[in-house]
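Each chain, written out:
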Amino acid sequence: SGTVVGAVVLSRSSAELEERVSVLWTWLGAVALAGLAAAAIAAIALGRWVSRPLSSLDAAAQRLGSGALDTRSAAGAGPPEVRRLARNFNGMAGRLESLVHGNRATMADVSHQLRTPLAALRLRLDVLTQDTDPQTAEELAGAQGEIARLSHLVDGLLALARAENVLVEPVSIRVDEVLLDRAAAWRPVAEERGVLLRPSCPGPVPAMAGQGHLEQILDNLLANALDAVPPGGHIEATAAAGGDGARVVVADDGPGMTPRQQQMAFRRFASSTPGGAGLGLAIVHRLVTSNGGSAVLSDTPGGGLTVTVTLPAQPPDRARRPGLVSD
């Protein structure tokens, strides 16, 4: 009749259900973590599969850029696109090696073959000069001068071919000792021409360069300065240690160069000196950059030309190759 007589309460513990839900969530979490771990491992493996041949190709490109023309990249690993890229790189490197070696060999062979007939021609002109009249002897002397200029050009081509064809491992050198030695060797020539050559080194100046490269650099810089400076001029050759290497400066008070001439000075056969071969600064540029350094041309205060050469204190990173800089 709607009157409450009593109540019956049914209860059941939810612990078992909660335990089952917890186990289910645990399994779901474990499966998710396992899936993520498997995906990460697969992604890492895939990334290495793709990046390993790319790293090898990058290293090969660095070695090729540093002058090792026989460098090739492995083309048998990685995705098809990467293997195709490696094959194209190897083909490019092979053609570049063939072209450069052919150019160097031709230059060296031609220069070498020209030396013998030039020497024979000079000897014949010397003999003719002794048994001829003064007017003819004067003409022969002019011809001898042209032959001497041509011989100097041939020697410069040979030096440039050797500088481009040799990749020397850098060694530790004392820039101050080399500078003083080369200045002493060129001082008699400077005195004969009435030019004051003054070397200056405040202390030990270490650097890294190929064996004999700094000597060639200084010889070319001093020879160029002596050719440009008139009698009574001055040449300052200094060396100092910097934070990142050695700094060598050769400054003269000669006629100097225009900005356009400075931009082209390190190119072959570009000479601002009448009768110059235009190879000295090209050799300097090749030797300096092959050792990871840089060469800078600027105006000397008061007139003249200043050449600043920087050489690293540590073996150069072949991935970075400084080039020509002109102020």
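Once a new chain begins, its residue numbering starts again from 1 and follows that chain's sequence as written. Only residues with pLDDT of 70 or above have their local features reported here, since the model is predicted, and side-chain atom pairs are shown and tallied only from 80 upward, although totals for entire chains, interfaces and linings are computed over all residues. Side-chain calculation: all heavy atoms of the structure are included, whereas hydrogens and water are not.

Account for a nonpolar patch on the surface, with residues named and values stated.
Together, Leu 17, Val 21, Leu 24, Trp 25 and Leu 28 make up an exposed nonpolar region whose accessible area comes to about 550 Å². Helix and strand definitions follow DSSP, with helices as H or I runs of at least four residues and strands as E runs of at least two, each counted in order from the N terminus. Relative to the helices and strands, Leu 17 resides in helix α1 (residues 15-65). Here the term buried applies to any residue with accessible area under 20% of the maximum for its type, exposed to any over 50%, and partly exposed to those in between, with areas from a 1.4 Å probe on protein chains only. When its relative accessible area of 57% is taken as the criterion, Leu 17 is described as exposed. Residues enter patches when their relative accessible area tops 30% and they take part in no salt bridge; the joining distance is 9 Å for like charges and 5 Å for the nonpolar side chains Val, Leu, Ile, Met, Phe, Trp and Tyr. Note on areas: these come from Shrake-Rupley sampling with a 1.4 Å probe, and a residue is covered only by the protein chains present in the view. Note on definitions: salt bridges are taken to be side-chain nitrogens of Lys or Arg within 4 Å of carboxyl oxygens of Asp or Glu.

Requested: an account of the packing of helix α4 (residues 175-192) against helix α5 (residues 213-228), with residues and values cited.
At a closest axis distance of 10 Å, the pairing of α4 and α5 adopts a crossing angle of 35°. Of the two elements, α4 crosses α5, and the hand of that crossing is right-handed. In this structure, α4 contributes Val 175, Val 178, Leu 179, Arg 182, Ala 183, Trp 186, Val 189 and Ala 190 to the contact, and α5 contributes Leu 214, Glu 215, Leu 218, Asp 219, Leu 222, Ala 223 and Leu 226. Its residues assigned to classes, the contact of α4 with α5 shows 12 nonpolar, no polar and three charged. Angles run from 0 to 180 degrees between N-to-C directions of axes, and those axes are lines fitted to C-alpha atoms, restricted for helices to the stretch in contact. For any pair of crossing helices, the crossing counts as left-handed if the nearer helix is rotated counterclockwise from the farther one by less than a right angle, and right-handed if it is rotated clockwise. Only heavy atoms enter the contact rule, under which two residues are in contact if any of them lie within 4.5 Å. Polarity classes work like this: nonpolar for Ala, Val, Leu, Ile, Met, Phe, Trp, Tyr, Cys and Pro, charged for Asp, Glu, Lys and Arg, and polar for all others, with Gly in that last group.

Give me the lowdown on the environment of Arg 182, citing residues and values where you can.
Looking at where Arg 182 falls in the secondary structure, it is placed in helix α4. Distance from Arg 182 to Asp 219, taken between C-alpha atoms, is 6.9 Å for residues 37 residues apart in sequence. Not counting residues up to four positions away in its chain, the partners in contact with Arg 182 are Glu 215, Leu 218, Asp 219 and Leu 222. Within polar-contact distance, the side chain of Arg 182 engages the side chain of Asp 181 at 3.3 Å. N or O atoms closer than or at 3.5 Å make up a polar contact, with two conditions inside protein: a donor-capable atom paired with an acceptor-capable one, and, for residues adjacent in sequence, both atoms drawn from side chains.

Please set out the environment of Leu 121 residue by residue, giving values where relevant.
As for its position among the elements, Leu 121 is in helix α2 (residues 80-130). In this structure Leu 121 comes out as partly exposed when scored by relative accessible area, which is 41%. For the pair Leu 121 and Ile 147, spaced 26 residues apart in sequence, the C-alpha separation works out to 8.1 Å.

How would you sum up α1? Please name residues and give values.
Take the residue count of a helix, subtract one, and multiply by 1.5 Å to get its expected span. Spanning 51 residues, α1 covers 72 Å between terminal C-alpha atoms, matching the ideal 75 Å at 1.5 Å per step. The largest bend in α1 amounts to roughly 25° and is located at Ser 51, with the proline Pro 53 lying one to four residues further along. Taken together, the buried positions of α1 are occupied by Pro 53, Leu 57, Ala 60 and Leu 64. Working definition for bend: take the seven residues up to and ending at a residue and the seven starting at it, fit an axis to each, and measure the angle between the axes.

For the environment of Pro 231, give the residues involved together with the corresponding values.
For Pro 231, the position within the fold is in the loop between α5 and β4 (234-241). Overall, Pro 231 belongs to the exposed group, its relative accessible area being 70%. Taking the C-alpha atoms as reference points, Pro 231 and Glu 191, separated by 40 residues in sequence, lie 9.3 Å from one another.

Before we move on, can you summarise the pairing of β4 with the specific residues and values?
With five bridges joining them, strand β2 (residues 196-200) and β4 adopt parallel strand pairing. Following the sheet pairing, Leu 196 is matched in β4 by His 234. Summarising the sheet, β4 and strand β5 (residues 245-252) pair through seven bridges and their orientation is antiparallel. Directly across from Ala 239, in β5, lies its bridge partner Val 248. We treat two strands as partners when DSSP finds at least two bridges between them. Hairpin geometry of β4 and β5 is characterised by an intervening segment of three residues between the two adjacent antiparallel strands.

Residues and numbers for the pattern of salt bridges, please.
For the coordinates displayed, the defined rule picks out seven salt bridges. One salt bridge connects Asp 176 with Arg 174, and the closest N-O pair in it is separated by 2.8 Å. Here Glu 177 ties to Arg 174 by a salt bridge, and the two come within 3.6 Å at their closest N and O atoms. Owing to a relative accessible area of 48%, Glu 177 belongs among the partly exposed residues under this scheme. Overlapping salt bridges, with partners in common, bring together Arg 174, Asp 176 and Glu 177 in one network.

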